[in-house]
Amino acid sequence: MGKKSSVNYLYLCGMALAVLGFCLPMFKGLFGSTANGLSFIKHIDNGGFAAIGALILFVGAIVGLVYAVLPLVGIKLPADGLVKMIAVLALVVGVIVLIIGFTQSKMYSAIAKHMLKNAMYGFYIMIVGIVLAVVGKFVK
């Protein structure tokens, strides 16, 4: 029998989909304009919850993806499991911060409802990626 691979492909695919969905158009705005996750990060200087949550989510997905890909290349890093756990926690915390940020006031709540009604494929890909990454981390 062959050597068992230590790469968790479910986690790898989840992180890759989370990063991909974050970069694809996530919401359709007025007059056909679209916004991706990077559009939220652009406004971090305003200190909004949405920008902070989006940044935490994106950094967690990037770090998780890098730590999932490096073993495929043959690079072993110390504290691999711990960093992957922190990346998954960053995804979950980012989503929670976004939810809290969009329920802070009636105006943000209305904006969030409008965005969810006009969600595009990037939003759904990112959600699937987050779920796969969380499931992949805890299911072997």
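From a predicted model like this one, the values you see are computed outputs, not experimental measurements. (Residues numbered from 1 in each chain as written. Predicted model: local features only at pLDDT ≥ 70, side-chain atom pairs only at ≥ 80, totals over all residues. Heavy atoms only, no water.)

Turning our attention to the packing of helix α1 (residues 9-23) against helix α6 (residues 121-138). Closest axis-to-axis distance for the α1/α6 pair is 7 Å, and the angle between their directions is 155°. What the angle tells us is that α1 and α6 run roughly antiparallel. α1 and α6 meet at a crossing whose hand is left-handed. Residues L10, Y11, G14, M15, L17, A18, G21 and F22 of α1 form the contact with α6, whose participating residues are G122, F123, I125, M126, V128, G129, I130, L132, A133, V135, G136 and K137. Residues of the contact of α1 with α6, tallied by class, amount to 14 nonpolar, five polar and one charged. (Axes fitted to C-alpha atoms, helices over the stretch in contact; angles between N-to-C directions. Helix = DSSP H or I, 4+ residues; strand = E, 2+ residues; numbered from the N terminus. Parallel < 35°, antiparallel > 145°, perpendicular 65-115°, else oblique. Left-handed = near helix turned anticlockwise from the far one by under 90°. Contact = heavy atoms within 4.5 Å. Nonpolar A, V, L, I, M, F, W, Y, C, P; charged D, E, K, R; others polar.)

A few words on the packing of aromatic side chains. Taken as a whole and judged by the stated rule, the model has three aromatic pairs. Relative to F58, the ring of F22 lies with its centre 4.7 Å away and its plane at 20°, an arrangement referred to as stacked. Here F58 lies in helix α3 (residues 49-73) and F22 lies in helix α1, a separation of 36 residues in the sequence. By relative accessible area, F58 is classed as buried at 18%. (Phe/Tyr/Trp six-rings, centres within 6.5 Å; stacked < 30°, edge-to-face > 60°. Buried < 20%, exposed > 50% of the residue type's maximum accessible area, 1.4 Å probe, protein only.)

Counting through the fold element by element, N36 comes out in the loop between β2 (34-35) and α2 (37-41). In this structure the side chain of N36 is engaged in a polar contact, spanning 3.1 Å, whose partner is the backbone oxygen of C23. One polar contact links the side chain of N36 to the main-chain amide nitrogen of L38, over a distance of 3.2 Å. (Polar contact = N/O pair within 3.5 Å; in protein donor to acceptor, adjacent residues only side chain to side chain.)

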